[in-house]
Amino acid sequence: RAKSAGKNQYQLFDEETDRMHVRKLELERDLRKALANNELCIYYQPKWDAELDCLTGMEALLRWNHPRLGMVSPAEFIPIAEETGLIVSMTRWVLNEVCIQNREWQKRDIVHVCVSVNMSIRVFESGMLCEMVEESLQESNIDSGSLELEITESIAMYDVQDTIRQLQHLKSLGVRVSMDDFGTGYSSLGNLDEIPIDALKIDQMFIRQSAQPSKQAIISTIIAIAGHLKLEVVAEGVETEEQIGFLQSRGCRVMQGYYYGKPMDTETLEAWLIANNERAKQGAS
Ligand code: C2E
Ligand code: MG
Ligand code: MG
Ligand code: MG
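Residues numbered from 1 in each chain as written. Chains lettered and ligands numbered in written order. Predicted model: local features only at pLDDT ≥ 70, side-chain atom pairs only at ≥ 80, totals over all residues. Heavy atoms only, no water.

Some points on the overall build of the protein chain
For step 1, the next point in the chain: For the protein chain, the helix and strand inventory stands at eleven helices and nine strands.
For step 2, the next point in the chain: Relative to the compact-globule value of 19 Å for 285 residues, the protein chain shows a C-alpha radius of gyration of 21 Å, a close match.
For step 3, the next point in the chain: Considered along the principal axes of its C-alpha atoms, the protein chain spans approximately 70 × 50 × 45 Å.
For step 4, the next point in the chain: Within the protein chain, the fraction of its 285 residues that count as buried is 46%.
For step 5, the next point in the chain: Contacts in the protein chain between residues far apart in sequence, at least 24 positions, make up 68% of those at least 6 positions apart. (Helix = DSSP H or I, 4+ residues; strand = E, 2+ residues; numbered from the N terminus. Rg over C-alpha atoms; globule rule 2.2 N^0.38 Å. Buried < 20%, exposed > 50% of the residue type's maximum accessible area, 1.4 Å probe, protein only. Contact = heavy atoms within 4.5 Å.)

What about the coordination of the magnesium ion (ligand 3)?
For step 1, the next point in the chain: Of the protein atoms, only D180 (OD), D181 (OD), E236 (OE) and E236 (OE) coordinate the magnesium ion (ligand 3), at distances of 2.0 to 2.5 Å.
For step 2, the next point in the chain: Sequence spacing of the donors to the magnesium ion (ligand 3): D-D-x54-E.
For step 3, the next point in the chain: Separating the magnesium ion (ligand 3) from the magnesium ion (ligand 2) is a gap of 3.9 Å, which D180 spans by donating to each of them. Here E236 lies in the loop between β8 (232–235) and α9 (241–249) and D181 lies in strand β6 (residues 176–182), a separation of 55 residues in the sequence.
For step 4, the next point in the chain: When its relative accessible area of 27% is taken as the criterion, D181 is described as partly exposed. (Donors = N, O, S within 2.8 Å, 3.2 Å for Na, K, Ca; no water.)

Let's talk about helix α8 (residues 213–228)
For step 1, the next point in the chain: When the terminal C-alpha atoms of α8 are compared, their 22 Å separation across 16 residues agrees well with the 22 Å that a helix rising 1.5 Å per residue should span.
For step 2, the next point in the chain: Buried within α8 are the following residues: K215, Q216, I219, S220, I222, I223, I225 and A226.
For step 3, the next point in the chain: Lining the buried residues of α8 we find β6, β7 (199–202), α7 (204–208), β8 and α9.
For step 4, the next point in the chain: Taken from the residues just after α8, K230 is the one with a positive phi, measuring 60°. (Expected span 1.5 Å × (residues − 1).)

Some remarks on the pattern of salt bridges
In a structure, side chains of opposite charge can pair up when their charged atoms sit close to one another.
For step 1, the next point in the chain: Applying the stated criterion across every chain yields a total of 20 salt bridges.
For step 2, the next point in the chain: For the salt bridge of E59 with K201, the shortest nitrogen-to-oxygen distance reads 2.9 Å. Of the two residues, E59 sits in strand β2 (residues 54–66) while K201 sits in strand β7, which places them 142 residues apart along the sequence.
For step 3, the next point in the chain: You can call K201 buried: its relative accessible area is 1%. (Salt bridge = Lys/Arg side-chain N within 4 Å of Asp/Glu carboxyl O.)

Here we look at helix α10 (residues 266–275)
For step 1, the next point in the chain: Residues of α10 that are buried include every one of L269, E270, W272 and L273, and no others. On an axial view of α10, the arc spanned by its buried residues comes to 160°, and they lie on one face. Residues of α10 that are exposed and point over 90 degrees away from its buried face: E267, I274 and A275. (Arc of directions from axis to C-beta.)

Quick word on the site of ligand 1
For step 1, the next point in the chain: The full set close to ligand 1 counts 22 residues, and R63, N118, Q204, E239 and Y258 are the nearest of them.
For step 2, the next point in the chain: Within the side chain of Q45, one N or O atom sits 3.0 Å away from a nitrogen atom of ligand 1.
For step 3, the next point in the chain: Measuring from an oxygen atom of ligand 1, one finds a side-chain N or O atom of E236 at 3.3 Å.
For step 4, the next point in the chain: Placement of ligand 1 is best described as lying within the largest pocket.
For step 5, the next point in the chain: For the shell around ligand 1, the elements supplying multiple residues, two or more each, are β2, α2 (74–84), α3 (87–107) and β6.
For step 6, the next point in the chain: The leading source of residues in the shell around ligand 1 is β2, at four residues.
For step 7, the next point in the chain: When the residues that make up the shell around ligand 1 are grouped by side-chain class, the tally is ten nonpolar, six polar and six charged. (Near = heavy atom within 4 Å. Polar contact = N/O pair within 3.5 Å; in protein donor to acceptor, adjacent residues only side chain to side chain. 1 Å grid on protein atoms, 1.4 Å probe; cavity = no way out; pocket = protein on both sides within 12 Å on 5 of 7 lines; lining within 4 Å. Sits in = over half its atoms within 2 Å of the grid points. Nonpolar A, V, L, I, M, F, W, Y, C, P; charged D, E, K, R; others polar.)

Section: unusual backbone geometry
For step 1, the next point in the chain: The phi torsion at D181 lies on the positive side, around 50°, for a residue other than glycine.
For step 2, the next point in the chain: With a phi close to 60°, K230 is a non-glycine residue in the positive phi region.
For step 3, the next point in the chain: Among the residues examined, K230 registers a relative accessible area of 74% and is labelled exposed.

Observations regarding the side chain of N276
For step 1, the next point in the chain: Turning to its location among the elements, N276 is positioned in the loop between α10 and α11 (277–282).
For step 2, the next point in the chain: In terms of polar contacts, N276 uses its side chain to reach the backbone carbonyl oxygen of W272, at 2.8 Å.

Some remarks on the confidence of the model for the protein chain
For step 1, the next point in the chain: In this model, the protein chain carries a mean pLDDT of 92, and residues with pLDDT of at least 70 account for 92%.
For step 2, the next point in the chain: Both confidence scores are given for the complex: pTM 0.93, ipTM 0.98. (pLDDT = per-residue confidence, 0-100.)

Below, the structure is given as structure tokens:
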């Protein structure tokens, strides 16, 4: 009996592995067409200054509405886009869309903030990032200070010197740069001071566990490092008032998370902005 139960378990496991494999192949195959078929769209999540109680920025987050599978998470399809090299043309598209959308919001006086776009290390490796950014800025005619790039510590896994050169070029254009998911990557702190960035984003894992004294110590240390290096600091994944209270007490004022607003499509975001109009307007000045 035990033997046959074991065999069944193996069968279940195999079926599950097969299903995941088939899904991955399907996603790989369909991702190529997703861009051309207009299946990708961009959601925007607010960044909120808890001290001034106003909007300070937004982050652009990709979504894939697959015709058969429904919404596929970027956590699932970004790695596929990176493996296949599609990430470069996808990022080009996101940069263009974000700059055009943000310029339109500014023109219509809906909102005037900086919008950030997530960067994959593959895009740095391609050597085309600077050209892509310049093109998006030119075509949208948006002020370069309205665009931010979110990079991760994994840039240290590629070629730090080359990344620094590319970042310096981007900074000379006036584009902002932040370090995403800080504290979870593989990089050492050794060259953090040499990488030209404007802000550190504390990974949401720390915020989620911020009731633990040891995580509090890590969060405080990240905030202190940011202060010493004259970098802004943003807390990711803020969901509760307790977390906000703690973060503010340690000197972190900019927050992003479900407590303030989930990532929203443009229509929902515009309604959200109107509902938060007075406070959002302060962010404009
Ligand atoms: P990320 O850049 O660290 O983005 C934060 C993720 O946390 C987002 O997940 C966001 O929806 C989620 N989040 C925000 N606030 C909360 C909260 O309060 N609680 C919880 N539980 N989650 C929260 P999302 O949109 O699924 O994106 C996942 C990751 O996919 C992003 O992590 C980013 O690394 C990547 N990604 C998304 N869009 C792009 C893109 O255009 N290009 C690249 N290269 N990567 C992207
Ligand atoms: Mg990000
Ligand atoms: Mg993050
Ligand atoms: Mg993350």
